[in-house]
Amino acid sequence: MKNKEQTANEYYYDAMDCLQANAVKKALDLLGKALVLDRHSVQTILGIAEAYHLKGDKKKAYDWIDKGFEETKVHFPKWPKRMEWGDLDNRAYMRIIAHKADFLCDTGKKEEGIELYRLLL
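As the structure is a computational prediction, the values presented were derived from the model and not from experiment. Residue numbers restart at each chain and count upward from 1, following the sequence in its written direction. Local features in a predicted model are, by the rule used here, given only for residues with pLDDT of at least 70; side-chain atom pairs are given and counted only at 80 or more, and totals for whole chains, interfaces and linings are based on all residues. To obtain the side-chain values, all non-hydrogen atoms of the structure were included, while hydrogens and water were left out.

1. Some thoughts on the overall build of the protein chain
Next, step 1: Secondary structure follows DSSP: runs of H or I at least 4 residues long count as helices, runs of E at least 2 residues long count as strands, and numbering of each begins at the N terminus. When helices and strands are counted, the protein chain shows six helices and zero strands.
Next, step 2: Counting from the amino terminus, the protein chain carries its helices and strands in the arrangement α-α-α-α-α-α.
Next, step 3: What the globule rule says is 2.2 Å times the number of residues to the power 0.38, and the radius of gyration is computed from C-alpha atoms. The C-alpha atoms of the protein chain give a radius of gyration of 14 Å, which matches the 14 Å a tight globule of 121 residues would have.
Next, step 4: Expressed as a percentage of its 121 residues, the buried residues of the protein chain come to 39%.
Next, step 5: Any pair of residues with heavy atoms lying within 4.5 Å of one another is described as a contacting pair. The long-range share in the protein chain, meaning contacts at least 24 apart out of those at least 6 apart in sequence, stands at 45%.
Next, step 6: Note on areas: these come from Shrake-Rupley sampling with a 1.4 Å probe, and a residue is covered only by the protein chains present in the view. A total accessible area of about 8000 Å² is found for the protein chain, and carbon and sulfur atoms account for 52% of it. The buried label applies to any residue whose accessible area, calculated with a 1.4 Å probe on protein chains only, is under 20% of its type's maximum; exposed applies above 50%, and partly exposed to all values in between.

2. Topic: the packing of aromatic side chains
The way to describe two aromatic rings as a pair is by their centre distance and the angle between their planes.
Next, step 1: Put simply, two rings from Phe, Tyr or Trp (the six-membered ring, in Trp's case) pair if the centres are within 6.5 Å, and we call them stacked under 30 degrees between planes, edge-to-face over 60, tilted for the rest. Summed over the entire model, instances satisfying the criterion amount to four aromatic pairs.
Next, step 2: Centre to centre, the rings of Tyr 12 and Tyr 13 are 5.0 Å apart; their planes meet at 75°, and the pair counts as edge-to-face.
Next, step 3: One aromatic cluster is present, built from ring pairs that chain together Phe 76, Trp 79 and Tyr 93.

3. Here we look at the pattern of salt bridges
Next, step 1: What makes a salt bridge here is a side-chain nitrogen of Lys or Arg within 4 Å of a carboxyl oxygen of Asp or Glu, nothing more. Scanning the model with the defined rule gives six salt bridges in all.
Next, step 2: Between Lys 67 and Glu 71 there is a salt bridge, with the nearest N and O atoms lying 3.9 Å from each other. Taken together, the positions of Lys 67 and Glu 71, both in helix H4 (residues 58–75) and four residues apart, correspond to about one turn of that helix.
Next, step 3: Here Glu 84 makes a salt bridge to Arg 82, at a shortest N to O gap of 2.5 Å.
Next, step 4: Given the relative accessible area of 66%, Arg 82 is considered exposed.

4. Side note on the environment of Asn 22
Next, step 1: In this structure, Asn 22 sits in the loop between helix H1 (4–20) and helix H2 (24–37).
Next, step 2: Separated by 32 residues in sequence, Asn 22 and Leu 54 have C-alpha atoms that sit 8.0 Å apart.

5. Some details on helix H3 (residues 42–55)
Side chains three or four residues apart in an α-helix point the same way, a direct result of the helix having 3.6 residues per turn.
Next, step 1: An expected span of 1.5 Å times one less than the residue number is assigned to each helix. Taking 1.5 Å as the rise per residue, H3 with 14 residues should run 20 Å; its terminal C-alpha atoms sit 20 Å apart, in good agreement.
Next, step 2: Of all 14 residues in H3, 10 are buried, a share of seventy percent or more.
Next, step 3: All of the buried residues along H3 are Val 42, Gln 43, Thr 44, Ile 45, Leu 46, Gly 47, Ile 48, Ala 49, Ala 51 and Tyr 52.

6. Description of the environment of Asn 9
Next, step 1: Residue position: Asn 9 is located in helix H1.
Next, step 2: Taking the C-alpha atoms as reference points, Asn 9 and Ser 41, 32 residues apart in sequence, are found 9.5 Å from one another.

Structure follows, in structure tokens:
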């Protein structure tokens, strides 16, 4: 029997396949199912942001990036001195920080964006 995390991950990876095929609506449906199973999954939240970005809805994409960034801050109230990219559990957090930094720089908040980029270094 599959656990919720395993099933949520399957929905996420199926959704990413859908995004590669430009099937955004199907991807959002799958990501919605994953979010029901784990509403704090930064990986799923990032997937939703990417789907809205691909759909051309930057406002919703940025809203989901913000949500993922807030979840990241809850998970890491104090940023670790070292975070390995090779650890798959870290990647969604690192990606959401990069997307948030991109957004800040794109909206004229370059110093705040640079601060986030430094976290990733």
